[in-house]
Structures are given as C-alpha cells and as structure tokens.
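Chain by chain, the residues run as shown.
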Amino acid sequence: MKEKFLIILAFLSLFSCDETSDVLYKDSFEAYSVGETPSDPWEKTGNGIAVIDDAKSFSGNKSAHFVTGEGYNNRAFLGINHIFPLKNNAYYGGLKMYVQEASPNGIHWTMIQSSGKVKGEDYSSEIRYGGQHNKKLMANYETQGVKSDCWKHANIEIPEGKWFTLQWYFNGNQDTMRLWLNGKSIASLTVVDSGEGCVENDTNGQWKFPIMENVLLGWVDYQIGGGTRNIWIDDVIISLEKID
C-alpha cells in the first residue's frame, strides 16, 4: 500500500513539473520589503525610482512602483536576462499594470522592451510596446549601429487609474510581435517584418528582430515636457507558451 502511494505521489509530481515547465520566470513582488529596489535577478536601469510598494497591488499586498521623469536618463526599468537565450528565440510575457496618468500627447513612451544583436548583421535592435499620440498604444522598433526608428500605431488608449492586463509575444526568428490588452488581441499592433513608417530608415523599413538577451519592464518618456509618471506593475510572468 505504501509503495502504491509513493508511486502516485511521484506521478503527480511529474505531472505538475510538466504542467509548469514552460514558465521561465514569474514574480508577484511579495518576497521583497517595502521601499526596497528589487534585485537579483532584477536589475534596475535609469535615474528614476523602482521600489516595492504596498499602496497598490493587484494580488497579494505589494507591487513594484515606478516613478519616472522627463527624458531618457530619468527612465525606470526593471530587467532580467538570466533566462536568455531562449528556445526558438521567442517568448510570451504578461503583467498587471496601473498607470496613474499616461504621458501627454506627443511624448513617446516605452513600457515593455527586449533587445539584442541582430543575427547576421553588425547592429543590434530593440523591440518595444509603448505609445505616443493622445495616449494611444504603439509598437516601436529601433536599432543601434545603424539608424532606424520605426512605428506602428493603434487607435486604443492605455487605461489610466485602474489595473489592467498586458500580454505580449516576441518572436525574434519570425520578426513578429503581438499585444493583448485585458485578454483582447490588438490586431493593429501585430507586427510581422515591418510597421507603418520610420523616422530614420537604414533598414529599409524592415524590422529585423534581435537574438533577444533581456526583457525590460517599466517606463521611459523619450522627450521632455511630459512631467512625472507613476506606474505600478504586479504579477509578472514570462513563458514559452501563451499565458491564459
């Protein structure tokens, strides 16, 4: 009887591992102390603030609070790279976000980014989701080493003053990215190979995706004049399979 019980436990354990093996990383920020900047495996970049807060949370009692200022130097991102490189150079991401007030019209912002060297090329690229015009969401592509800064806009505003769900898919081998807001796909922000236009266009309109080395979450306003942003992020998950 005891042997049968142990066999059943072993079977259930194997089933549980298989069920969750596609999840590469997740964090609800509950393990950190209030006021602490999350560390290992997180790495903070920018002069802005990224600390644990108990004033707002989607689940549990804590979340990561980002306070950013005007211009690139005053960004605040938390990034991880320990799960990279990825199988098939592709992943799904998900998080809960609370935006007190989004950047005003004309200010280009980013909230999700992955980057790395482009295979077979002598430059790197960054693939991003953020926004710009009238607080509406946007896909963005920028290169380092050659000059390309390209976009694809949506007619959907980022929610303000409430929690919402963002999910995204980056596939570096297929030059493809997708975004979901509160579980609904935003078809206008699906990019395959190219977007709508480019400010600088050394890649001839092509969005050549990187061999991804990281994922950055947070906020940056690239221009001045937008004031201060307050953003909260909770329940981050990175997975090889689509997140329900």
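Preceding this paragraph is the structure being described.
Residues numbered from 1 in each chain as written. Predicted model: local features only at pLDDT ≥ 70, side-chain atom pairs only at ≥ 80, totals over all residues. Heavy atoms only, no water.

## Quick notes on unusual backbone geometry
And then number 1: Residues D40 and P41 are joined by a peptide bond in cis, for which omega reads 15 degrees.
And then number 2: Topologically, P41 is positioned in the loop between β1 (23-27) and β2 (43-45).
And then number 3: Residues other than glycine seldom take positive phi values, yet N89 does so here, at roughly 55 degrees.
And then number 4: You can see N89 is positioned in the loop between β5 (76-80) and β6 (90-99). (Helix = DSSP H or I, 4+ residues; strand = E, 2+ residues; numbered from the N terminus.)

## Focus: the state of the cysteines
And then number 1: Here the structure, examined in full by the defined rule, presents one disulfide.
And then number 2: The disulfide bridge from C150 ends at C198, spanning 2.1 Å between sulfur atoms. A torsion of 95 degrees about the S-S bond marks the disulfide between C150 and C198 as right-handed. With C150 in strand β10 (residues 148-157) and C198 in strand β15 (residues 197-201), this pair connects stretches of sequence that are 48 residues apart. (Disulfide = S-S within 2.5 Å.)

## Notes on the packing of aromatic side chains
And then number 1: Enumeration over the complete set of coordinates arrives at 15 aromatic pairs.
And then number 2: Judged by centre distance (5.7 Å) and plane angle (65 degrees), the ring pair of Y98 and W163 falls under edge-to-face. With Y98 in strand β6 and W163 in strand β11 (residues 163-171), this pair connects stretches of sequence that are 65 residues apart.
And then number 3: Judged by its relative accessible area of 14%, Y98 falls in the buried class.
And then number 4: Ring geometry for Y141 and W207: centres 5.5 Å apart, planes at 15 degrees, overall stacked. Taken together, the residues Y141 in strand β9 (residues 136-144) and W207 in the loop between β15 and β16 (215-221) connect sequence positions 66 residues apart.
And then number 5: Residue classification places Y141 among the buried positions, given a relative accessible area of 0%. (Phe/Tyr/Trp six-rings, centres within 6.5 Å; stacked < 30°, edge-to-face > 60°. Buried < 20%, exposed > 50% of the residue type's maximum accessible area, 1.4 Å probe, protein only.)

## Some remarks on the pairing of strand β4 (residues 63-68)
And then number 1: The element β4 is extensively covered by neighbouring structure, given that five of its six residues are classed as buried.
And then number 2: Where strand β3 (residues 49-53) and β4 come together, five bridges link them in antiparallel fashion. Bridge assignment links V51 to a residue of β4, and that residue is H65.
And then number 3: Relative to strand β17 (residues 229-239), β4 is paired through five bridges, and the arrangement is antiparallel. By the bridge assignment for β17, T68 is matched with R229. (Pairing = 2+ DSSP bridges.)

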